[in-house]
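# Working through the structure, step by step
This is what each chain is made of:
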Amino acid sequence: MRLLHTSDWHLGRAFHRVNMLGAQAEFIGHLVTTVRERAVDAVVVSGDVYDRAVPPLAAVELFDDALHRLADLGVPTVMISGNHDSARRLGVGAGLIGRAGIHLRTEPSASGTPVVLADAGGDVAFYGLPYLEPALVKDEFGVEKAGHETVLAAAMDRVRADLAARAPGTRSVVLAHAFVTGGEPSDSERDITVGGVASVPAGVFDGVDYVALGHLHGCQTLTDRVRYSGSPLPYSFSEAAHRKSMWLVDLAADGSVDAERVDCPVPRPLARIRGILEDLLADPDLARHEEAWVEATLTDPVRPADPMARLTERFPHTLSLVFDPDRDEAESEVSYARRLAGRSDQQIAEDFVAHVRGAGPDPHEQGVLRDAFDAVRADETVREVAR
């Protein structure tokens, strides 16, 4: 069975101030063409279909168009909700849509109930594990501690139990939306840290033939059977080195996996350039970036006049301007944004405690902070669903 694995469409999301809807529509067209021309048997979409719980109408219309085009091909599609999606909204009409071969899996309680497709080699069971917010699903899975690993492990126990009851030789595919250990994140994924831990070990998914992951935006191979497709389009300059693609996966009758990357159309390349403004404007080696979306980091000791206007004369698609002067300066003089870069909410809060009282939080206080951040995120998720 030939599968096309994609995820993280983030329909409705912009790239800095650039509306990406046209590029997203082009990607949908590319996906449909790939399904038709490469004889794909099933499409799997591993979450974050939308960029937010209540997407703009244009994004909903594009999603509707994608569903109709996939259904018209007669190729089954299995998709799950991600942490950016409203699971309840995405799942509206799932039973009716399923009759057209588009199988939406947004309910945690259905994790052990697969979509079963067949080919000449027999049955393939597709298990959809939507994004599992630990604080909201721990009761469903009967776990005492709300953590990503515990709830995913419980969901996978249901998967393995169902699979064990099926005919010998039944192959299995799991769709999941999570941060799996060994994956490389970028700046454009929403933090899902719970209890100080964001990632889960790949071993959680042992026992199935292929795991189609979503959440991280870079295409990655964690093992031959556990892969991220990544987002089809870039959503931050940290993705400048990404090769945007989907996985074309051949699942043989014996469960062996062969995977090929299929490149996605990207409207413009990304470029990160750094240096003194005058050098950036004059350097002939930077000519290759003149039509790219550009993030420019200026290292001038003193902020130059009208830097964006001058940059856009040579690089008309400059979207981000960062100042990072090459000079010695005390930590107290470093910009607030630079001091926070790459730090989690937990780390920032602990630094604040240390700044105020001269000593960081003890282990008990660290636990209180973790619980507070977990509660806030869970509350935000509930509020998004209730909108």
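Refer to the structure presented above.
What counts and what doesn't
- Residues numbered from 1 in each chain as written.
- Predicted model: local features only at pLDDT ≥ 70, side-chain atom pairs only at ≥ 80, totals over all residues.
- Heavy atoms only, no water.
- Core = buried A, V, L, I, M, F, W, Y, C linked by side-chain atoms within 4.5 Å.
- Buried < 20%, exposed > 50% of the residue type's maximum accessible area, 1.4 Å probe, protein only.
- Helix = DSSP H or I, 4+ residues; strand = E, 2+ residues; numbered from the N terminus.
- Contact = heavy atoms within 4.5 Å.
- Pairing = 2+ DSSP bridges.
- Axes fitted to C-alpha atoms, helices over the stretch in contact; angles between N-to-C directions.
- Salt bridge = Lys/Arg side-chain N within 4 Å of Asp/Glu carboxyl O.

### Some words on the nonpolar core
Ranked by internal contacts, the top residues of the largest apolar core, which has 31 residues, are Leu-129, Leu-152, Met-156, Val-174, Phe-205 and Leu-213. Of all the secondary structure elements, the ones that give two or more residues to this core are β8 (122-129), α5 (134-141), α6 (148-164), β9 (171-177), β10 (179-180), β12 (210-214) and β14 (226-228). Here this core takes seven residues from α6, the largest share from any one element. Contacts of Met-156, omitting those with residues within four sequence positions, involve Leu-129, Val-174, Val-204, Phe-205, Asp-206 and Val-208. Within the second largest apolar cluster, 28 residues are counted, among which are Val-35, Val-49, Phe-63 and Leu-70.

### Observations regarding the sheet that holds strand β17 (residues 270-275)
With parallel pairing, three strands are arranged side by side in an open sheet as β17-β18-β19. Strand pairing shows two members of the sheet lacking a second neighbour, β17 and β19 (318-323), which therefore form its edges. Taken pair by pair, the neighbouring strands of this sheet meet at an average axis angle of 15°, ignoring direction. Pairing of β17 with strand β18 (residues 293-298) involves six bridges; the strand directions are parallel. Counted as the bridge partner of Arg-272 is Glu-295 from β18.

### Brief notes about the pairing of β8
Here β8 lies mainly inside the structure; six of its eight residues are buried. Here five bridges tie strand β7 (residues 115-119) to β8, and the two strands are oriented antiparallel to one another. Bridge pairing links Val-116 to Ala-125 in β8. Summarising the sheet, β8 and β9 pair through six bridges and their orientation is parallel. Among the inter-strand pairings, Gly-128 is bridged to a residue of β9, identified as Leu-175.

### Considerations on the pattern of salt bridges
Overall, the coordinates contain 18 salt bridges when judged by the stated rule. For the salt bridge of Asp-65 with Arg-69, the shortest nitrogen-to-oxygen distance reads 3.5 Å. In this pair, Asp-65 and Arg-69 are both assigned in helix α2 (residues 57-73), four residues apart and thus about one turn of the helix distant. Taking the relative accessible area as the measure of exposure, Asp-65 reaches 32% and is therefore partly exposed. Connected through salt bridges with shared partners, the residues Arg-274, Asp-324 and Asp-326 form a single ionic network.

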